[in-house]
Amino acid sequence: MGTVIMHSVMSVDGFIADENDEVGTLHDWYFDGDIPIVGGGDEEYDHSGTASGIKVSKASAEYVRSTWDTIGTIVMGRTLFDLVNGWEGRPPAGDHVVVVSHRPKPEGWHPEASYHFVDDVTAAIDKARELAGERTVAVNAGDVGGQILAAGLVDEVAMDVVPVVFGAGKRFFGGVDRQHLLEDPHVVIQGERVLHLRYRVRR
């Protein structure tokens, strides 16, 4: 089975969006560089849902490309799905998406897309691993990601830290209310206006 990685871009004080789900300057580094990030089919990734090609700095390019190329399945919560309308059935990376939600897929919504709706985080990871095979399962940080971490189902935590303080908003780890130990970071890459970090979860 592939690795389960919880990931998002966040502010230095630990927020992935403000209280209105606005990301502010958190994603600026995706578009301020010179190097386009393309997938295996030589198509530019659109991680933002805005139909804008990703162009990052040289320092970030290899890390971002190698990370996204390994993704088989994305796991997301219903809030993010609704905000981006599921990227219109075309995930920014990987081939499959599992949405954790008590509500079913919208009727008639992109029937051709490999999107699966489940109402339990353990079932979501089981389904995501089945779909991903040996590839990575990428879990979006936030409330659902925090629940998956709390359930002991996350192997690594990856964060792209942007030098901005939000003060309030949606937390990277959601409502996690107890301590979880991580190993020292095995990836530390200084980009332009972003710091890429990855930690293995200590078992």
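You'll find the structure just up there.
We now turn to the structure provided with this report. Just so we're clear, the structure is a prediction, and the values are computed from it rather than from any experiment.

Things to note about the overall build of the protein
So, step 1. Secondary structure summary: the protein contains four helices and 12 strands in total.
So, step 2. A globule of 203 residues ought to have a C-alpha radius of gyration of about 17 Å, and the protein, at 16 Å, matches this closely.
So, step 3. Viewed in the frame of its principal axes, the protein has a C-alpha envelope of about 40 × 40 × 35 Å.
So, step 4. Split into buried and exposed, the 203 residues of the protein put 47% on the buried side.
So, step 5. Taking contacts inside the protein between residues at least 6 apart in sequence as the whole, the part at least 24 apart equals 65%.
So, step 6. When the accessible surface of the protein is summed, it comes to about 10200 Å², and 48% of that surface belongs to carbon and sulfur atoms.

Quick word on unusual backbone geometry
So, step 1. Here the phi dihedral of Glu88 falls at roughly 55°; this positive angle occurs in a residue that is not glycine.
So, step 2. Assignment of secondary structure puts Glu88 in the loop between helix 2 (78-84) and strand 6 (96-100).
So, step 3. Classification of Glu88 as partly exposed rests on a relative accessible area of 45%.
So, step 4. Phi is positive for His110, which is not a glycine, with a value near 30°.
So, step 5. For His110, the location among the structural elements is in the loop between strand 6 and strand 7 (115-118).

Things to note about helix 3 (residues 121-132)
So, step 1. When the terminal C-alpha atoms of helix 3 are compared, their 16 Å separation across 12 residues agrees well with the 16 Å that a helix rising 1.5 Å per residue should span.
So, step 2. Within the span of helix 3, buried status applies to Val121, Ala124, Ile125, Ala128, Arg129 and Ala132. In an axial view of helix 3, the angular spread of the buried residues amounts to 130°, which keeps them on one side of the axis.
So, step 3. Next to the buried residues of helix 3 lie strand 1 (4-11), strand 5 (71-77), strand 6, strand 7, strand 8 (136-140) and helix 4 (143-150).
So, step 4. Regarding helix 3, its N-cap is Asp120, as a side-chain oxygen of that residue lies 3.0 Å from the backbone nitrogen of Thr122 further along.

Quick notes on the packing of aromatic side chains
So, step 1. Within the structure shown, the criterion is met by eight aromatic pairs.
So, step 2. Among the aromatic residues, those joined into a ring-pair cluster are Trp29, Tyr30, Phe31 and Trp68.

Overview of a negative patch on the surface
So, step 1. A contiguous patch of negative charge, built from Asp28, Asp32, Asp34 and Glu192, is present on the exposed surface.
So, step 2. Its place among the elements puts Asp34 in the loop between strand 2 (15-17) and strand 3 (35-36).
So, step 3. Exposure remark for Asp34: the relative accessible area of 71% places this residue in the exposed category.

Focus on helix 4
So, step 1. Turning to helix 4, its buried residues number three or more, namely Val144, Gly145, Gly146, Ile148 and Leu149.
So, step 2. Backbone geometry just after helix 4 places Gly152 at a positive phi near 75°.

Let's talk about the pairing of strand 8
So, step 1. Taking burial as the measure, the five residues of strand 8 include five buried ones, the bulk of the element.
So, step 2. Both faces of strand 8 are covered, namely the face carrying Thr136, Ala138 and Asn140 and the face carrying Val137 and Val139.
So, step 3. Note that strand 1 and strand 8 share four bridges and pair parallel. The residue bridging His7 from the neighbouring strand is Asn140, located in strand 8.
So, step 4. Bridge analysis of strand 5 against strand 8 gives four bridges, and the strand direction is parallel. Bridge pairing in strand 8 places Thr73 opposite Val137.

Calculation rules
- Residues numbered from 1 in each chain as written.
- Predicted model: local features only at pLDDT ≥ 70, side-chain atom pairs only at ≥ 80, totals over all residues.
- Heavy atoms only, no water.
- Helix = DSSP H or I, 4+ residues; strand = E, 2+ residues; numbered from the N terminus.
- Rg over C-alpha atoms; globule rule 2.2 N^0.38 Å.
- Buried < 20%, exposed > 50% of the residue type's maximum accessible area, 1.4 Å probe, protein only.
- Contact = heavy atoms within 4.5 Å.
- Areas by Shrake-Rupley, 256 points an atom, 1.4 Å probe, with all protein chains shown as cover.
- Expected span 1.5 Å × (residues − 1).
- Arc of directions from axis to C-beta.
- Polar contact = N/O pair within 3.5 Å; in protein donor to acceptor, adjacent residues only side chain to side chain.
- Phe/Tyr/Trp six-rings, centres within 6.5 Å; stacked < 30°, edge-to-face > 60°.
- Patch = residues over 30% accessible without salt bridge, like charges linked within 9 Å, V, L, I, M, F, W, Y side chains within 5 Å.
- Salt bridge = Lys/Arg side-chain N within 4 Å of Asp/Glu carboxyl O.
- Lys, Arg positive; Asp, Glu negative; His and termini not counted.
- Charge placed at Lys NZ, Arg CZ, Asp CG, Glu CD.
- Pairing = 2+ DSSP bridges.

Remember that the coordinates give geometry; whether it matters functionally is a separate question.
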